[in-house]
Amino acid sequence: VDAVRSNININNMHFELPLHLSELKDGWKYELYDRNDYGLKDGSGYAKLIYKDTEVADVSLENCYTGKEKNSVIYSISITSSECDIYGIVPSCSSVADVEKLLGKPDEEQKMEIPFKHIYTYGVLKGEDQNDVVRGHCLVVDFDENGVVDFLKFTYSDISELEK
């Protein structure tokens, strides 16, 4: 999972998590979602990541305090666009076999019939801290009913406090 965090490409732009919002390059901006809509506490946040006026990803933020949001850190990113990839895995293009070839068998697999779900999880999720920040080093790959990647979510946050 450590190698995955430095292999995130969105619209041909390389990302590595964690990433401070202040480090976003020209053409990039973010739009915060209302914390109350998601039941988030001060200290965490959720935002759209926008490139040249096109929404390209959703990101989870830590160190996201009211009035100081620009100091926030992206620790998790979710993508659905085929213009993006995480570790070479591309939504709407990569298959179960492609993912297994790159990463091997998942640490956890979930399958459900109704609603259809087929999810691979690599790495570890430790849970949420007191500010609702998800702690873990984890890649979640969600497949559609044809075995093609539908959704990718990568989380890379500090887990040292939870390991004590």
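The structure we're discussing is the one just above.
Residues numbered from 1 in each chain as written. Predicted model: local features only at pLDDT ≥ 70, side-chain atom pairs only at ≥ 80, totals over all residues. Heavy atoms only, no water.

Draft legend 1. Fine view of the sheet that holds strand 2 (residues 13-15). Overall, antiparallel pairing links the three strands, which are arranged 2-1-8 in an open sheet. This sheet does not close on itself; its edge strands, each paired only once, are strand 2 and strand 8 (84-86). Each strand axis lies, on average, 20° off the axis of its neighbour in the sheet, ignoring direction. In the sheet, strand 1 (residues 8-10) pairs with strand 2 via three bridges, with the strands oriented antiparallel. Counted as the bridge partner of Ile10 is Met13 from strand 2. (Pairing = 2+ DSSP bridges. Helix = DSSP H or I, 4+ residues; strand = E, 2+ residues; numbered from the N terminus. Axes fitted to C-alpha atoms, helices over the stretch in contact; angles between N-to-C directions.)

Draft legend 2. Inspection of the side chain of Ser76 at higher detail. You can see Ser76 is positioned in strand 7 (residues 73-79). Judged by relative accessible area, which is 1%, Ser76 ranks as buried. A polar atom in the side chain of Ser76 sits 3.1 Å from the backbone oxygen of Phe154. Here Thr155 takes part through its side chain, which lies 2.9 Å from a polar atom of the side chain of Ser76. Once residues within four sequence positions are removed from consideration, Ser76 is found in contact with Leu17, Asp58, Val59, Ser60, Lys153, Phe154 and Thr155. (Buried < 20%, exposed > 50% of the residue type's maximum accessible area, 1.4 Å probe, protein only. Polar contact = N/O pair within 3.5 Å; in protein donor to acceptor, adjacent residues only side chain to side chain. Contact = heavy atoms within 4.5 Å.)

Draft legend 3. Quick peek at the side chain of His118. When you line up the elements, His118 lands in strand 10 (residues 117-128). In terms of polar contacts, His118 uses its side chain to reach the side chain of Glu109, at 2.8 Å. Setting aside residues no more than four positions away along its own chain, His118 makes contact with Val96, Glu109, Gln110, Lys111, Val141, Asp142 and Phe143.

Draft legend 4. The pattern of salt bridges, seen in detail. Evaluated as defined, the whole model comprises seven salt bridges. In this structure, Lys48 engages Glu31 in a salt bridge whose closest nitrogen and oxygen atoms are separated by 3.4 Å. In this pair, Lys48 is assigned in strand 5 (residues 43-51) and Glu31 in strand 4 (residues 28-32), connecting sequence segments 17 residues apart. Glu31 sits in the partly exposed class, given a relative accessible area of 41%. Between Lys105 and Glu100 there is a salt bridge, with the nearest N and O atoms lying 3.4 Å from each other. The exposure class assigned to Glu100 is partly exposed, which follows from its relative accessible area of 22%. Ionic contacts of the salt-bridge type, sharing partners, join the residues Glu62, Asp129 and Arg135 into one network. (Salt bridge = Lys/Arg side-chain N within 4 Å of Asp/Glu carboxyl O.)

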